[in-house]
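Coordinates in review
Listed below are the residues making up each chain.
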There are 2 protein chains.
Amino acid sequence: MEKAWTKTEAGALAELKRTELKETLGMTGAEISLNRLGVGQAIPFIHRHRENEEVYLVLSGTGEFWLDGEIIPVREGSCLKVSPSVGRSLRASADSALTYACVQAAANSLKAYTRTDGVLLEEKTGW
Amino acid sequence: MEKAWTKTEAGALAELKRTELKETLGMTGAEISLNRLGVGQAIPFIHRHRENEEVYLVLSGTGEFWLDGEIIPVREGSCLKVSPSVGRSLRASADSALTYACVQAAANSLKAYTRTDGVLLEEKTGW
């Protein structure tokens, strides 16, 4: 049976190592990776996806995405949705490392969310 | 037609305001919220979900989750998967704010991911 909750520790975000969470946490709705590119480092390939939409959350630093040939600058707090068919790559700036989370989930799979999927409980925490 | 990529800026993570990304970015596979609890601040209710699994990524600070009555300490880098039926709440520590991302996606919706959903392209970025 699926465990109701699971936890892992990725450590300090400034010192991230590539961490893939789906198998570690037993996730069934998304894959999330935590990533760090060193100063000036680039992903050495372009990829797209078959079914999955990706959302990138930039956690620190600055860099650039390459999206179907278009260059998009990013910095801490940039949130970028990329549809499956888009060819994508990214790099850290020449003077900055770049840490980011990448969330992939099947396009068009989310039905309800937040107020329409969440249920408030009567129970109290005691806090 | 769905835009192939979209971007928004959430700003410096230490000064996050509650930001819900799904509608802003036109996401179709997940909802992601960015959140900040001030020093000692608690979510004032317990909730569960109907269909969606949640994954919490702690971006800074320390705090505690309440999961079906169990107390789970978290800190920067803690990654926590919570199945839909689990009652959940959280608070920042008495001496720390807490910033975090919450990803919700439909449980059991992810079929393939990363190496099985990704496709490498021949094209080069020129970097």
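**Notes on the overall build of chain A**
- Along the backbone of chain A there are one helix and 10 strands.
- Within the span of chain A, comprising 127 residues, buried residues form 57% of the whole.
- By sequence separation, contacts in chain A at least 24 residues apart represent 65% of the contacts at least 6 residues apart.
- Within chain A, the 17 negative side-chain charges are centred at a point lying 1 Å from the centre of the 15 positive side-chain charges.

**Looking at the pairing of strand S8 (residues 88–92) of chain A**
Residues and elements named next belong to chain A.
- S8 sits mainly inside the fold: four of its five residues count as buried.
- Bridge count between strand S5 (residues 52–67) and S8: five bridges; the pairing is antiparallel. Each bridged residue has a counterpart across the sheet, and for glycine 63 the counterpart in S8 is alanine 92.

**Some points on the pattern of salt bridges**
- Going through the model one piece at a time under the given rule, you end up with 12 salt bridges over all chains.
- Between arginine 75 of chain B and glutamate 9 of chain A there is a salt bridge, and its shortest N-O distance comes to 3.9 Å. On the criterion of chain membership, the pair formed by arginine 75 of chain B in strand S6 (residues 70–75) and glutamate 9 of chain A in strand S1 (residues 5–9) is interchain, its members lying in two chains.
- For arginine 75 of chain B, a relative accessible area of 46% puts it in the partly exposed group.
- For glutamate 9 of chain A, a relative accessible area of 30% corresponds to the partly exposed category.
- Put simply, Lys7 and Glu9 of chain A together with Arg75 of chain B are held in one network by salt bridges that share partners.

**As for the packing of aromatic side chains**
- Per the stated rule, a full pass over the model turns up four aromatic pairs over all chains.
- Aromatic side chains tyrosine 56 of chain A and phenylalanine 65 of chain A sit 4.8 Å apart centroid to centroid with 70° between the ring planes, which places their arrangement in the edge-to-face category. As far as burial versus exposure is concerned, tyrosine 56 of chain A and phenylalanine 65 of chain A are alike and both buried.
- Their ring planes at 45° and their centres at 6.0 Å tell us that tyrosine 56 of chain B and tyrosine 100 of chain B sit as a pair that is tilted.

**Focus: the interface of chain B and chain A**
- Counting from both sides, the interface comprises 87 residues of chain B and, opposite them, 87 residues of chain A.
- Of the roughly 7200 Å² buried between chain B and chain A on both sides combined, carbon and sulfur atoms contribute 57%.
- Applying the counting rule to chain B against chain A returns four salt bridges.
- With a closest N to O distance of 3.5 Å, glutamate 20 of chain A and arginine 115 of chain B form a salt bridge.
- In this structure, the connection of chain B to chain A is made through 48 residue pairs in polar contact (both at pLDDT 80 or more).
- Ranked by residues supplied to the side of chain B that touches chain A, first place goes to strand S5 (residues 52–67) of chain B with 10 residues.

**Quick look at the environment of asparagine 108 of chain A**
- Relative to the helices and strands, asparagine 108 of chain A is located in the loop between strand S9 (98–106) and strand S10 (118–121).
- Judged by relative accessible area, which is 62%, asparagine 108 of chain A ranks as exposed.

**Some points on the relation of the copies chain B and chain A**
- Turning chain B through 180° and shifting it by 0.0 Å along the axis lays it on chain A, with an RMSD of 0.0 Å. Given the turn and translation reported, the copies of this chain are related as if by a two-fold rotation axis. Taking C-alpha positions as the reference, the residue of chain B nearest the rotation axis is serine 109 of chain B, at 3.2 Å.
- When the interface residues of chain B are mapped onto chain A, 100% of them again lie at the interface, so the same face is used by both copies.

**Quick word on the nonpolar core**
- Membership of the largest hydrophobic core comes to 32 residues, with the highest contact counts inside it found for Ile32 and Leu57 of chain A together with Ile32 and Leu57 of chain B.
- Listed by contribution, the elements that provide at least two residues to this core are strand S3 (31–37), S5 and S9 of chain A together with helix H1 (21–25), strand S3 (31–37), S5 and strand S9 (98–106) of chain B.
- The residues contacting isoleucine 32 of chain B, other than those within four sequence positions of it, are Val55, Leu57 and Val103 of chain A together with Thr19, Glu20, Leu21, Met27, Cys102 and Val103 of chain B.
- Core analysis: the second largest hydrophobic core is formed by 17 residues, Val58, Phe65, Val74 and Val86 of chain A among them.

**Details of the confidence of the model for chain A**
- Mean pLDDT over chain A works out to 96, with 98% of the residues at or above the 70 mark.
- Interface predicted TM-score (ipTM) for the complex: 0.96; the corresponding pTM is 0.96.

Criteria and cut-off values
Residues numbered from 1 in each chain as written. Chains lettered and ligands numbered in written order. Predicted model: local features only at pLDDT ≥ 70, side-chain atom pairs only at ≥ 80, totals over all residues. Heavy atoms only, no water. Helix = DSSP H or I, 4+ residues; strand = E, 2+ residues; numbered from the N terminus. Buried < 20%, exposed > 50% of the residue type's maximum accessible area, 1.4 Å probe, protein only. Contact = heavy atoms within 4.5 Å. Lys, Arg positive; Asp, Glu negative; His and termini not counted. Charge placed at Lys NZ, Arg CZ, Asp CG, Glu CD. Pairing = 2+ DSSP bridges. Salt bridge = Lys/Arg side-chain N within 4 Å of Asp/Glu carboxyl O. Phe/Tyr/Trp six-rings, centres within 6.5 Å; stacked < 30°, edge-to-face > 60°. Buried area = accessible area lost by both parts, 1.4 Å probe. Polar contact = N/O pair within 3.5 Å; in protein donor to acceptor, adjacent residues only side chain to side chain. Least-squares fit on C-alpha atoms with pLDDT ≥ 70 in both. Core = buried A, V, L, I, M, F, W, Y, C linked by side-chain atoms within 4.5 Å. pLDDT = per-residue confidence, 0-100.

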